Amino acid sequence: MRSNSNTQPLDAFWMPFTANRQFKKQPRMLTSAEGMYYQDDKGRPVLDGCAGLWCVNAGHGRKEISEAVARQVAKLDYAPPFQMGHPLAFEFAERLAAIAPEKLNHIFFTNSGSESVETALKIALGYHRLKGDATRQRLVGRERGYHGVNFGGISVGGIGNNRKMFGAGLSGIDHLPHTLNINLNAFTKGLPEHGVELADALEQIIALHDASNIAAVIVEPMSGSGGVIMPPKGYLQRLREITRKHGILLIFDEVITGFGRVGKAFASTRWGVEPDIMTTAKGLTNGVIPMGAVFVSDEIHDAFMTGPENMIELFHGYTYSGHPVACAAGLAALDIYEKENLFDRAIEMEDKFAESLLSMKELPNVIDIRNTGLVAAIELTPEADKPGERGHKVFKHCYENGVLVRWTGDILAMSPPLIIEPAHIDQMVSALREGILIANN
Ligand code: PMP
């Protein structure tokens, strides 16, 4: 076993999505968390500007969740999900259906966002086959879309780095154009006015392949990992109209937007567009226990339930689907969200968040600031020949000054826990402002 000078064995853990060699020279270790703050291994508080990784929506260290988890481990630690059930999975599914968009009343549990995406794609393909439309096999994603890291997800996703090492992926996939247009929409507060017509690219894909060959369109209502890209006003409605007209299913990947991030329980609720299938994870359990949930419409679910009785309807599932401990965490998280009205909180805080961030619009190299609810991005001009370097400098400055933001290339993303108070926003903006000024030198 090799170790660094602190005698920490850092080589064994191959960290995901991380420049491992660089990290292990200068590790950043978080050791505990409470409310809006992490604490690092030097005892410094670090304001969590990202809700972990877009997931700890009710803030850290929630006793209600840890106690529910402890009780559940002691009572029923595991139950097989195949041909057996346990009450908590049924109860959690009922509770989720109650807050879901109107017709999405059936819940399939997974263990992550990536698994939710694979599950949703398989349900969409299976649905068409059950309806006698077996030619509907093509899928449509979107440029810059992020749908997890499994083969279906990286294929419908539109982020080159996630795909290019891994071969051909799924075949039969087209991508809509992304909706980021800094020329027209820079520094928009909330959803941009321009770009609704980008949804019409779907008509061209349909003209090329014929609707009878297309199973589903999958998009994030708001792209998160691809750079916090808002849907232009009317865009999601237009996608809904086109998919409905052609019998194509619409899947919203709400792994980030679910559970209050943009206000209301889901983006589809806030923006009034109901998909046929919705994927979730992250905030589902407040990030405490890994879990995902796929919300499926009555119509799709019914198609699977009309075959012969005693037959397995969907050959798909995971050892940990509907895990009792994850259900306990999810129920406790949902109780907190509801009791503290956290789904409305992003709307209440939206103006303050937007105004504070937009106060940085005149800083050097800032080319866009965009936000909705409690999620935002600041985009910077790249340094000559060194894309990502400026963003990294701002991230480092913020972290060293006790504020965690997310950095992808020259885009900084903020998605704080929904319990955030105005003073936390001020702390975040002050670190960002300094960081941006320093990164200018
Ligand atoms: N879909 C979206 C929209 C996501 O943002 C993510 C994760 N950032 C995923 C899927 C994948 O989730 P996980 O990392 O839990 O597999």
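Residues numbered from 1 in each chain as written. Predicted model: local features only at pLDDT ≥ 70, side-chain atom pairs only at ≥ 80, totals over all residues.

**Considering the sheet that holds strand β1 (residues 30-34)**
- What the four strands build is an open sheet, ordered β1-β2-β3-β13; its pairing is mixed. Single-partner strands in this sheet number two, and they are β1 and β13 (403-404). (Pairing = 2+ DSSP bridges. Helix = DSSP H or I, 4+ residues; strand = E, 2+ residues; numbered from the N terminus.)

**Considering the packing of helix α3 (residues 63-75) against helix α13 (residues 324-339)**
- Where α3 meets α13, the closest approach of the two axes is 8 Å, and the angle between their N-to-C directions is 155 degrees. Here α3 is positioned roughly antiparallel relative to α13, judged by the angle of their axes. Handedness of the α3/α13 crossing: right-handed. Along the contact surface, α3 presents Glu64, Ile65, Ala68, Val69, Arg71, Gln72 and Val73, while α13 presents Pro324, Val325, Ala328, Ala329, Leu331, Ala332, Ala333, Asp335 and Ile336. (Axes fitted to C-alpha atoms, helices over the stretch in contact; angles between N-to-C directions. Parallel < 35°, antiparallel > 145°, perpendicular 65-115°, else oblique. Left-handed = near helix turned anticlockwise from the far one by under 90°. Contact = placed C-beta atoms within 7 Å.)

**What about the domain arrangement of the chain?**
- When its domains are assigned, the chain resolves into domain 1 (20-58 + 342-438) and domain 2 (66-339).
- Computed over C-alpha atoms, the centres of domain 1 and domain 2 are 26 Å apart.
- Contacts between the two partners involve 33 residues from domain 1, matched on the other side by 28 residues from domain 2.
- When residues of the side of domain 1 that touches domain 2 are traced back to their parent elements, those giving at least two are α2 (51-54), α14 (342-358), β11 (366-372), β12 (375-380) and β15 (411-414). (Domains from an automatic or database assignment.)

**A few points about the environment of Asn105**
- Relative to the helices and strands, Asn105 resides in the loop between α4 (87-99) and β4 (106-110).
- On the basis of neighbour counts, which here come to 17 C-beta atoms within 10 Å, the residue Asn105 falls in the partly exposed class.
- When the C-alpha atoms of Asn105 and Ile205 are compared, they prove to be 30 Å apart, with 100 residues separating the residues in sequence.
- Ignoring anything within four residues of it in the chain, the contact list for Asn105 reads Ala97, Ala100 and Asp298. (Buried ≥ 20, exposed ≤ 12 C-beta atoms within 10 Å, placed from the backbone.)

**Digging into the confidence of the model for the chain**
- In the predicted model, the chain carries a mean pLDDT of 96, and the fraction of residues at 70 or more is 98%.
- We note a pTM of 0.97 for the whole complex and an ipTM of 0.99 for its interfaces. (pLDDT = per-residue confidence, 0-100.)

**Details of helix α15 (residues 389-400)**
- Given a rise of 1.5 Å per residue, 12 residues ought to cover 16 Å, and the 16 Å separating the end C-alpha atoms of α15 matches this to within 8%.
- If you check which residues of α15 are buried, you get Arg390, Gly391, Lys393, Val394, Phe395 and Cys398.
- Against the buried residues of α15 lie β12, β13, β14 (406-408), β15 and α16 (422-438).
- With its phi angle positive at about 80 degrees, Gly402 sits one or two positions after the end of α15. (Expected span 1.5 Å × (residues − 1).)

**Considering α13**
- With 16 residues, α13 should cover 22 Å at 1.5 Å per step; its first-to-last C-alpha distance of 22 Å lies within 8% of that length.
- Along α13, the residues that are buried comprise Pro324, Val325, Ala326, Cys327, Ala328, Ala329, Gly330, Ala332, Ala333, Leu334 and Tyr337.
- In this structure, the buried residues of α13 make contact with α3, α4 and α14.
- Backbone geometry just after α13 places Asn341 at a positive phi near 50 degrees.

**Points about unusual backbone geometry**
- One non-glycine residue, Phe17, lies in the positive phi region at around 45 degrees.
- Looking at Phe17, the number of C-beta atoms within 10 Å reads 10, which means it is exposed.
- Although it is not a glycine, Asn310 adopts a positive phi angle of roughly 70 degrees.
- Among the secondary structure elements, Asn310 is positioned in the loop between α12 (298-304) and α13.

**What to know about the pairing of strand β3 (residues 45-48)**
- Pairing of strand β2 (residues 37-40) with β3, which is carried by three bridges, proceeds in the antiparallel orientation. The residue of β3 that forms the bridge with Tyr37 is Leu47.
- With antiparallel pairing between neighbouring strands as the criterion, β2 and β3 make up a hairpin whose turn holds four residues, including Gly43 at a positive phi of roughly 85 degrees.
- In this sheet, β13 lies alongside β3 in parallel orientation, the contact comprising two bridges. By the bridge assignment for β13, Leu47 is matched with Val403.

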